[in-house]
Amino acid sequence: MDQSTQALLLPAIIVISGLPILIAAVLVARGNLHLLNGLDASRLRDPAAAAARFARLLALMAIAIFVSALGYYWAHGNDGRMLWVTVALLVAVNGLAVALMLALARAKRDYRQPRDDERTGRR
């Protein structure tokens, strides 16, 4: 493998691994909130605002991953730079994951009571 191909291998893998998160952000932005731990959009006070909030957090995760791919390309061959890019990636993605989990917990905590439904027998 020549030098230029080797320099692009890790960034390419990182970009490919960030695509599913970007796809999830688009799906959640379109209102598919059930993808997030079975979140019930009918019980949320403002499902559109929740979808926008969750999609924004997921998109920020994807952006952090894509920026880290640029960082890995920049750091190719330098172990110190690779370490800093890795630490920045871990802090950014895990921080956004915690923010996503807290927002999800807050949304579930603020669920409205289910509506009366004769089919399910609930009141």
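This one's a predicted model, so the numbers in the text were calculated from it and none came from an experiment.

About the cut-offs
- Within any chain, residue numbers begin from 1 and follow the written order of that chain's sequence.
- Thresholds applied to this predicted model are a pLDDT of at least 70 for local features of residues and 80 or more for the giving and counting of side-chain atom pairs; totals over whole chains, interfaces and linings are not thresholded and use all residues.
- Note that water and hydrogens are dropped before the side-chain values are worked out from all heavy atoms of the structure.
- Strands are runs of DSSP state E lasting at least 2 residues, helices are runs of H or I lasting at least 4, and numbering of each runs from the N terminus.
- A helix is expected to span 1.5 Å multiplied by its residue count minus one.
- Buried means the residue's accessible area, taken with a 1.4 Å probe over protein chains only, is under 20% of the maximum for its type, while exposed means over 50%, and partly exposed covers the values in between.
- Between two residues, a contact is recorded if the distance between any of their heavy atoms is within 4.5 Å.
- Under this definition, polar contacts are N or O atom pairs within 3.5 Å; protein pairs additionally need one hydrogen-donor-capable and one acceptor-capable atom, and for neighbouring residues in sequence, both atoms have to be side-chain atoms.
- Lining residues are those with an atom within 4 Å of a point, where the points come from a 1 Å grid over the protein atoms alone and group into cavities, where a 1.4 Å probe fits but cannot get out, or pockets, open sets with protein on both sides within 12 Å along at least five of seven lines.
- Grid points are joined across faces, edges and corners, and a volume is the space filled by probe spheres set on the points.
- Nonpolar residues are Ala, Val, Leu, Ile, Met, Phe, Trp, Tyr, Cys and Pro. Charged residues are Asp, Glu, Lys and Arg, and all others, Gly as well, are polar.
- The residues that make up patches have over 30% relative accessible area and no salt bridge, and they are joined within 9 Å when like-charged or within 5 Å when they are Val, Leu, Ile, Met, Phe, Trp or Tyr.
- Exposure was quantified through the Shrake-Rupley algorithm and a 1.4 Å probe, taking into account, for residues, occlusion by the shown protein chains and nothing else.
- Definition used for salt bridges: Asp or Glu carboxyl oxygen within 4 Å of a side-chain nitrogen of Lys or Arg.
- As used in this record, nonpolar core signifies buried Ala, Val, Leu, Ile, Met, Phe, Trp, Tyr and Cys residues forming a set joined through side-chain atoms within 4.5 Å.

Draft legend 1. Geometry of helix 3 (residues 79–109). Under the 1.5 Å per step criterion, the end-to-end length of helix 3 is 45 Å for 31 residues, consistent within 8% with the ideal 45 Å. Considered for burial, the residues of helix 3 that qualify are V85, L89, V93, L96, L100, A103, L104 and A107. Next to the buried residues of helix 3 lie helix 2 (47–74). Of the residues that open helix 3, the one with a side-chain oxygen 3.0 Å from the backbone nitrogen of G80 is N78.

Draft legend 2. The arrangement of the layout of surface pockets in detail. The calculated volume of the largest pocket comes to roughly 150 Å³. As for the largest pocket, its lining consists of L44, R45, D46, A49, A50, R53, A103, R106, A107 and D110. Where the lining of the largest pocket is concerned, the elements lending two or more residues are helix 2 and helix 3. Class assignment for the residues of the lining of the largest pocket results in five nonpolar, no polar and five charged.

Draft legend 3. Quick look at a nonpolar patch on the surface. A contiguous nonpolar patch, built from V15, L19, L22, I23, L27 and L35 and spanning about 470 Å² of accessible area, is present on the exposed surface. Along the chain, L22 turns up in helix 1 (residues 3–29). Judged by relative accessible area, which is 33%, L22 ranks as partly exposed.

Draft legend 4. The arrangement of the nonpolar core in detail. In terms of nonpolar packing, the biggest core is built from 19 residues, with V28, L33, L36, L39, L44, F54 and L58 touching the most fellow members. If you list the elements that add at least two residues to this core, you get helix 1, helix 2 and helix 3. Here the element with the most residues in this core is helix 2; it accounts for seven residues. In this structure, F54 is in contact with V28, L33, L36, L39, L100, A103, L104 and A107, ignoring residues within four places of it in sequence.

Draft legend 5. Highlighting the environment of P11. Structurally, P11 is set in helix 1. Sequence separation of P11 and L83 is 72 residues, and the distance between their C-alpha atoms is 15 Å. Setting aside its immediate chain neighbours within four residues, P11 contacts A69, Y72 and Y73.

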